[in-house]
Amino acid sequence: MQYDTIRYSVRNNIAVVEFSRPDVMNALNTQMRAELLHATKQAEKDARVLVMTGKGRAFCSGQDLGDRATVASTDLERTLRDEYVPMLMAIYDCKIPTISAVNGPAAGAGANLALSADVVIATESAMFLQAFTRIGLIPDAGGTYFLPRQVGLPKAMGSALFAEPITAQQASDQGMIWEAVPDDKFEEVWKDRATQLANGPTAAYQRVKQSLRQSYDNTLEKQLMLEAKLQGELGRSHDFREGVLAFLDKRPAAFEGR
């Protein structure tokens, strides 16, 4: 697939998707959603970690509302069902760890696109905005799912009802994101984090995601049984053997992701 609205690159087992519509603060349109879906699936084949970030001063400003005629004729249910759902599920179910490197404002669907990743790292100058009620809508793109799980119902409700900006530091303090870092250290930090994951035990990461997410629906007994099952699978992996040998040899482990 030829990418026109994003840039896709792979280096050292790190796939980077850069949203590349800076003139509209990387707003999402149909083509961009299709390209992001494709790139996410491609990254599973090419790399051991996926990073999403934005070009220019914004991460993503959400749905592209610039074309009045298009917006007026938009079937929001169809757009969400046919375009957003496949894209977001591909990111959420990605077989490799995913990072949102939020370089600037993330608003509306852009905020929830960021939250769909496993880890969110943001510049201190970034902000998150559930802007939907400003135009008479509810949070979508997974906002009603991610927010209450990450910050609790009271904070999620306030974010959705008042549609007020939340700074990156506030988001970090509330548990919405992993960390907020100084702007001048941002690129260094997310690249270091991505490198750590790219060199790590990929099979274990995949099962970390599975087990933590299923815990919301499981009883303690079911979760303990799931842990036993997944741990048994990992106990037969190359990376487990390598990890133990490295520990005994007092050297860094050379994980291969298998």
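Quick note: structure is the one above.
A brief structural summary. (Residues numbered from 1 in each chain as written. Predicted model: local features only at pLDDT ≥ 70, side-chain atom pairs only at ≥ 80, totals over all residues. Heavy atoms only, no water.)

### A word on the sheet that holds strand β9 (residues 179-181)
Worth spelling out the cut-off: A pair of strands counts as paired when DSSP detects no fewer than two bridges linking them. In this text, helices come from DSSP runs of H or I with a minimum length of four residues, and strands from runs of E with a minimum of two, each type numbered from the N-terminal end. Interaxial angle, 0 to 180 degrees, is taken between N-to-C directions of lines fitted to C-alpha atoms, where a helix line uses only the stretch in contact.
Across the sheet, which stays open at both edges, the six strands sit in the order β1-β2-β3-β4-β6-β9 with mixed pairing between neighbours. Two strands in the sheet have a free side with no partner beyond their single neighbour: β1 (6-11) and β9. Recorded for the sheet is a direction-independent mean angle of 20° between the axes of neighbouring strands. Sheet topology places β1 next to strand β2 (residues 14-19); six bridges connect them, and they run antiparallel. By the bridge assignment, Tyr8 is partnered in β2 with Val17.

### Some thoughts on a negative patch on the surface
Put simply, the test is: Patch construction takes residues with relative accessible area above 30% that form no salt bridge. Like charges are linked within 9 Å, and nonpolar side chains (Val, Leu, Ile, Met, Phe, Trp, Tyr) are linked within 5 Å. Computed by Shrake-Rupley with a 1.4 Å probe, the accessible areas treat only the displayed protein chains as cover when residues are assessed. Salt bridges are counted wherever a side-chain nitrogen of Lys or Arg sits within 4 Å of a carboxyl oxygen of Asp or Glu. For the purpose of counting charges, residues Lys and Arg are taken to be positive, whereas Asp and Glu are taken to be negative. His and the chain ends are not included. Throughout, a charge is located at the NZ atom of Lys, the CZ atom of Arg, the CG atom of Asp or the CD atom of Glu.
Together, Glu124, Asp183, Asp184, Glu188 and Asp192 line one region of the surface with negative charge. By the secondary structure assignment, Glu188 is in helix α8 (residues 186-198).

### Describing the packing of aromatic side chains
The condition is simple: Ring pairs are drawn from Phe, Tyr and Trp, using the six-membered ring of Trp, whenever the two centres fall within 6.5 Å, and their geometry is named by plane angle: stacked under 30 degrees, edge-to-face over 60, tilted for the rest. Exposed residues in this analysis have more than 50% of their type's maximum accessible area, buried residues have under 20%, and partly exposed residues fall in between, with area computed by a 1.4 Å probe over protein chains only. Either the NZ atom of lysine or the CZ atom of arginine qualifies as a charge over a ring when it sits within 6 Å of the ring centre and within 35 degrees of the ring normal.
Counted under the stated rule, the structure contains five aromatic pairs. Geometrically, the ring pair formed by Phe19 and Phe59 is edge-to-face, given 5.2 Å between the ring centres and 70° between the ring planes. Of this pair, Phe19 sits in strand β2 while Phe59 sits in the loop between β3 (49-54) and α2 (68-72); the two residues are 40 residues apart in sequence, bridging distant segments of the chain. By the burial criterion, Phe19 is buried, and Phe59 matches it. Over the ring of Tyr216 we find Arg149, and its NZ or CZ is 5.7 Å from the ring centre.

### Re the side chain of Glu179
The cut-off we apply is this: In this analysis, two residues are considered to be in contact whenever any of their non-hydrogen atoms come within 4.5 Å of each other.
If you trace the backbone, Glu179 turns up in strand β9. Not counting the four nearest positions on each side in its chain, Glu179 is found in contact with Val120, Ile121, Ala122, Ser172, Val189 and Arg193.

### Considering the pattern of salt bridges
Tallying each qualifying case throughout the model produces 16 salt bridges. Taking the shortest distance from any N to any O, the salt bridge between Arg193 and Glu179 comes out at 3.0 Å. Of this pair, Arg193 sits in helix α8 while Glu179 sits in strand β9, and the two are 14 residues apart along the sequence. Classification of Arg193 by relative accessible area gives partly exposed; the value is 30%. Across the pair Asp249 and Arg251 runs a salt bridge whose closest N-O atoms are separated by 3.4 Å. Taken together, the salt bridges that share partners define one network made up of Arg33, Glu77, Arg78, Arg81, Asp82 and Glu83.

### Overview of the side chain of Glu83
Quick reminder of the rule: Side-chain atoms alone can form a polar contact between residues adjacent in sequence; in general such a contact is a pair of N or O atoms within 3.5 Å, and within protein one must be able to donate a hydrogen while the other accepts it.
The residue Glu83 is located in helix α3 (residues 76-92) in this model. Within the structure, Glu83 has its side chain in polar contact with the side chain of Thr30 (distance 3.1 Å). Setting aside residues up to four positions removed in sequence, Glu83 forms contacts with Thr30, Arg33 and Arg78.

### Side note on a nonpolar patch on the surface
Side chains of Phe240, Val244, Leu245, Phe247 and Leu248 sit close together on the surface and give an oily, nonpolar patch of about 530 Å² of accessible area. Summarising the element assignment, Leu245 is placed in helix α11 (residues 238-249).

### Concerning the packing of helix α5 (residues 143-151) against helix α6 (residues 153-162)
This is how it is decided: The cut-offs work like this: below 35 degrees is roughly parallel, past 145 is roughly antiparallel, 65 to 115 is roughly perpendicular, and the gaps in between are oblique. Under the scheme applied, nonpolar residues are Ala, Val, Leu, Ile, Met, Phe, Trp, Tyr, Cys and Pro; charged residues are Asp, Glu, Lys and Arg; polar residues are all the others, including Gly.
At their nearest, the axes of α5 and α6 sit 7 Å apart, and the two run at 135° to each other. When the axis of α5 is compared with that of α6, the two are oblique. Facing α5, whose interface residues are Leu147, Pro148 and Val151, α6 presents Leu153, Lys155 and Ala156. Partitioning the contact of α5 with α6 into residue classes produces five nonpolar, no polar and one charged.

### Some details on the nonpolar core
Stated formally: By nonpolar core we mean a set of buried residues, namely Ala, Val, Leu, Ile, Met, Phe, Trp, Tyr and Cys, connected to one another through side-chain atoms within 4.5 Å.
Grouped together as the largest cluster of nonpolar side chains are 45 residues, with contacts concentrated most on Phe19, Leu36, Val102, Leu113, Phe128, Met176 and Ile177. Listed by contribution, the elements that provide at least two residues to this core are β2, α1 (30-46), β3, α3, α4 (109-115), β6 (119-123), α5 and α7 (168-174). By size, the runner-up hydrophobic cluster in this structure holds 13 residues, among which are Val16, Val51, Val181 and Ala198.

### Examining α11
Going by this rule: In a helix, the anticipated span is given by 1.5 Å times the number of residues less one. Note that the arc is computed from the directions linking the helix axis to the C-beta atoms.
With twelve residues, α11 extends 16 Å from end C-alpha to end C-alpha; this agrees with the ideal 16 Å at 1.5 Å per step. Among the residues making up α11, those that are buried are His238, Asp239, Glu242 and Ala246. End-on view of α11: buried residues confined to an arc of 85°, all on one side of the axis. For α11, the exposed residues set more than 90 degrees away from the buried face come down to Phe247 and Leu248. Contacts from the buried residues of α11 go to α9 (202-214). The positive-phi residue at the C-terminal boundary of α11 is Lys250, with phi of around 55°.

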